[in-house]
Amino acid sequence: MGDEHSGCGRATGPAVGAGPLHQACGTTVDALNDACFCISLDHRALDAALATELGDPRLAALLRERCPHVFAEYPVFVAPAQLQRIEAVVRAVEQVVALPAWREQALAAAPAIARHDVRGVRGVFFGYDFHVEGDTLGLIEINTNAGGAMLNAVLARAQRVCCEGVAPLLPSREGVEGFERAMLEMFRCEWRAAGRQAPLRRVAIVDEAPERQYLYPEFLLFRHLLGGHGIETLIADPAEFVLRAGQLFLGEQAIDLVYNRLTDFYLQGDDCRSLREAYLSDAVVLTPHPQAHALYADKRRLADLSDPEVLARLGVAQETQAILLRDVPRTRLVRAEDAERLWAERRGLFFKPVSGFGSRGAYRGDKLTRRVWQDILDGGYVAQALVAPGERRTAAGRPMKYDLRAYVYDGRIQWLAARVYQGQTTNFRTEGGGFAPVFTLAESDRDDAPEPAEYRSHTFLLDEAGRIHFLPHPLYVALVHAESAPPALAGRRFRLADWYVRLRDGVAEQLLNEWYGWVEIDADGRFRPAPAAGNGEAAGAVDASALPTAGEHERMATLVFGPGSGDAGAAGTREPHGEPRGV
């Protein structure tokens, strides 16, 4: 995960020089996910990146309209040891899938189209999805048409830091461009693997009613990427294809390769007839293909990967078995004869349809009703041991869940991303949620590493009367966790101001970043983000309605930097001052 073509070395590799994170945010990934907001999404940089990628500034507007919650506001932090375990799981799965006995068993259980000779075509954009929580890791599923890779490349170009010390955490431009080159080369590799000698000239991206798909903007990004390297790229519904004279056509244009984003994994629908016939007659290169789904993504394969008896029978090496049995949650087929036992154990299980995708038809056991339970018993489902997702808090204190997606090609991780959400399963409907970059710390950033005292967060509550209440950082953390609420604050609504300040010799020198939003503290002391005044939207990024007046800003500057500090929002050095006083 570290060479220049993978894009992962900088995006997920060890962070260097991340010292400022220690003082303000903590030294463990749990502490960073709880309280570090030093890196955030820069919406202006995102718009610029989209305009650069497509040469069309209208895409940014399209993305905001179509996918308003596709990019999370803050990154996710993951321990280096967990990244190593993710790599080990990917290698272990690849070793098992390569076994003739595995292939024979998996393909025998799939439709006949899965047994078509793929002639070395691997399948692009596998997605290995993990839950990571503390020391626990679980491979919850494998997808063979995982979306979001191009969106994550754009997202990597649009991260903002509030202090110089965390800048080395960001993916380098070279790393992002390396990831894009790897994606381009991946399609060419698939073309060559199919035995084609001529250059790859024309690709079609296929999905059902593509312009109505949530991730349609990503199709446009792929079209720009491939088109910029001489590969004409079209976007089509499967019904638009025609097979004639031994070649697949879209209109009057012959198609060399189809990038398959369909969820009809075995091309069984009538709309897929021409594509299916072209694939079976080797008139087109299809990637990913039905065989990949049968070998990797059928949920029944998770049952095999987590069953010690199956692994032993297939001849899987002991060290590979150990990795899989540790990090693939136990998964079982749901059978009517096991109904009573599974219902009794349901609170520790997650139920998924064998042929499902996108979390559709998936249920946490503790949320099941008897009606849904009967549907599960009547249909093809697996029951997977529940592995809790990770947790990432927003600057307003709202807890969010996240999972990790490793984009994999030919057994190698190309990029690692997180999906941040609220609810039972991942979704792109959560304010402040969506795809998020993943960062980690170098070994030198452990708890026992020296802690530089160079930066500090100052947090204030501004009440309706214009009074400013200084919150010491321990009290702020306690409020976020609903552990403490002074009686004077309970039952009230406030604007929250968070100033990130550089220190010199332990005292405030310069304001580097400021954040504002609305929060409420209820009568029981629970702290939560509040809707913005007058518009009913949840707090997430900086909320314009929560901005301080000029007078309030000056008073906060006086508290932090001392009398005569002027406008602390302007760049420049301030007169050092000690700890701010409460008002």
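Each chain carries its own residue numbering, running from 1 in the direction its sequence is written. Residues qualify for local features only when their pLDDT is at least 70, as the model is predicted, and side-chain atom pairs are given and counted only at 80 or more; totals for whole chains, interfaces and linings, by contrast, use all residues. For the side-chain quantities, the full set of heavy atoms in the structure was used; hydrogens and water were omitted.

Draft legend 1. Just the pattern of salt bridges, in detail. Any Lys or Arg side-chain nitrogen located within 4 Å of an Asp or Glu carboxyl oxygen qualifies as a salt bridge. If you walk through the whole model with that rule in mind, you get 31 salt bridges. Arg 122 is paired through a salt bridge with Glu 94; the nearest N and O atoms lie 2.9 Å apart. Of the two residues, Arg 122 is situated in the loop between helix H7 (100-108) and strand S3 (126-133) and Glu 94 in helix H6 (residues 80-97); the sequence distance between them amounts to 28 residues. A residue is classified by how much of its surface remains accessible, and Arg 122, at 33% relative accessible area, is partly exposed. In this structure, the salt-bridge partner of Glu 177 is Arg 173, at a minimum N-O distance of 2.9 Å. Of the two residues, Glu 177 and Arg 173 are both situated in helix H9 (residues 173-193); the distance of four residues between them amounts to about one turn of the helix. Here the salt bridges do not stand alone but share partners, grouping Asp 129, Asp 403, Arg 405 and Arg 419 into one network. Runs of E in the DSSP output that reach at least two residues are strands. Runs of H or I that reach at least four are helices, and both are numbered from the N terminus. Buried means the residue's accessible area, taken with a 1.4 Å probe over protein chains only, is under 20% of the maximum for its type, while exposed means over 50%, and partly exposed covers the values in between.

Draft legend 2. Main features of the sheet that holds strand S9 (residues 247-250). When DSSP locates at least two bridges between a pair of strands, those strands are taken to pair. Strand order in the open sheet formed by three strands is S8-S9-S10, with antiparallel pairing between adjacent strands. If you trace the sheet from one side to the other, it starts and ends with strand S8 (241-244) and strand S10 (253-254), each paired once. In terms of strand pairing, S8 meets S9 through four bridges, oriented antiparallel. Looking across to S9, one finds that Arg 244 is bridged to Gln 247. Contact definition: two residues touch when any of their heavy atoms are within 4.5 Å. Axis definition: a line fit to C-alpha positions, over the contact stretch in the case of helices; interaxial angles, taken between N-to-C directions, run 0 to 180 degrees. On the sheet, helix H11 (residues 273-280) packs against S8 and S9 and is oriented at approximately 45° with respect to S8.

Draft legend 3. Up close: the packing of aromatic side chains. Pairs were defined over the aromatic rings of Phe, Tyr and Trp, the Trp ring being its six-membered one, requiring ring centres within 6.5 Å. Orientation was assigned from the angle between planes: stacked under 30 degrees, edge-to-face over 60, tilted for the rest. The tally for this structure, following the rule as stated, stands at 17 aromatic pairs. Seen from their ring centres, Phe 187 and Tyr 259 are 5.3 Å apart, and the 70° between their planes marks the pair as edge-to-face. Residue Phe 187 is located in helix H9, and its partner Tyr 259 is located in strand S11 (residues 257-260); the two are separated by 72 residues in the primary sequence. Their ring planes at 75° and their centres at 6.2 Å tell us that Phe 460 and Trp 499 sit as a pair that is edge-to-face. Placement of Phe 460 in strand S21 (residues 455-462) and of Trp 499 in strand S23 (residues 492-504) is noted, with a sequence separation of 39 residues between them. Across the pair, Trp 499 and Phe 460 agree in class, each one buried. Ring pairs connect the aromatic residues Phe 125, Phe 187, Phe 222 and Tyr 259, which therefore count as one cluster. Only when the NZ atom of a Lys or the CZ atom of an Arg is both within 6 Å of the ring centre and within 35 degrees of the ring normal do we say a charge sits over the ring. Across the ring face of Trp 343, the terminal group of Arg 346 is positioned such that the distance to the ring centre comes to 3.9 Å.

Draft legend 4. Structural context of the pairing of strand S24 (residues 507-521). Inspection of the sheet shows S23 paired to S24 by 13 bridges, in the antiparallel sense. Within S24, the position partnered with Arg 502 by the bridge is Gln 510.

Draft legend 5. Broad picture of helix H17 (residues 370-378). Of the positions making up H17, those classed as buried are Val 372, Trp 373, Ile 376 and Leu 377. In a view along the axis of H17, the buried residues occupy a sector of 145°, so they form one face of it. Facing away from the buried surface of H17 by more than 90 degrees, the exposed residues are Arg 371 and Asp 378. Tucked into the core, H17 has its buried residues touching helix H16 (339-344), strand S14 (349-353), strand S15 (363-364) and strand S16 (381-385). Think of it as the arc spanned by the lines of direction from the helix axis to the C-beta atoms.

Draft legend 6. Here's a closer look at the sheet that holds strand S12 (residues 285-287). If you trace the four strands from one edge of the open sheet to the other, you get S7-S6-S11-S12, paired in parallel fashion. Looking at the sheet topology across the chains shown, the edges are occupied by strand S7 (232-236) and S12. Taking each pair of neighbouring strands and ignoring which way they run, the sheet shows an average axis angle of 20°. Sheet topology note: the strand S6 (residues 202-206)/S7 ladder contains five bridges and is parallel. By the bridge assignment for S7, Ile 205 is matched with Ile 235. Contacting S6, S7 and S11, helix H10 (residues 216-227) crosses the sheet at an angle of about 160° to S7.

Draft legend 7. Focus on the side chain of Asn 143. Within the element layout of this structure, Asn 143 appears in strand S4 (residues 136-143). We classify Asn 143 as buried; its relative accessible area is 12%. We call two N or O atoms a polar contact when they sit within 3.5 Å, provided that within protein one can donate a hydrogen and the other can accept it, with sequence-adjacent residues counted only if both atoms are side-chain atoms. At 2.9 Å, the side chain of Asn 143 and the side chain of Asp 129 are in polar contact. Setting aside residues up to four positions removed in sequence, Asn 143 forms contacts with Phe 125, Phe 126, Gly 127, Asp 129, Ala 297 and Arg 405.

Draft legend 8. Just H11, in detail. Among all positions in H11, only Ser 274, Leu 275, Ala 278 and Tyr 279 are buried. Along the axis of H11, the buried positions cluster into a sector of 130°, meaning they face one direction only. Along its buried surface, H11 packs onto S6, S8, S9, S11, S12 and helix H12 (290-297). Backbone geometry just after H11 places Asp 282 at a positive phi near 60°.

Draft legend 9. Layout of the environment of Val 121. One can find Val 121 in the loop between H7 and S3. On a C-alpha basis, the gap between Val 121 and Trp 191 in space is 7.7 Å, while along the polypeptide they are 70 residues apart.

Draft legend 10. Representation of the pairing of strand S20 (residues 434-439). Of all the six residues making up S20, six are buried; the element is thus mostly covered by neighbouring parts of the structure. Where strand S2 (residues 76-77) meets S20, two bridges bridge the pair, whose relative direction is parallel. Its bridge partner lying in S20, Phe 77 is registered against Phe 439. Alignment of strand S19 (residues 412-421) against S20, held across four bridges, turns out to be antiparallel. Among the inter-strand pairings, Val 420 is bridged to a residue of S20, identified as Gly 434.

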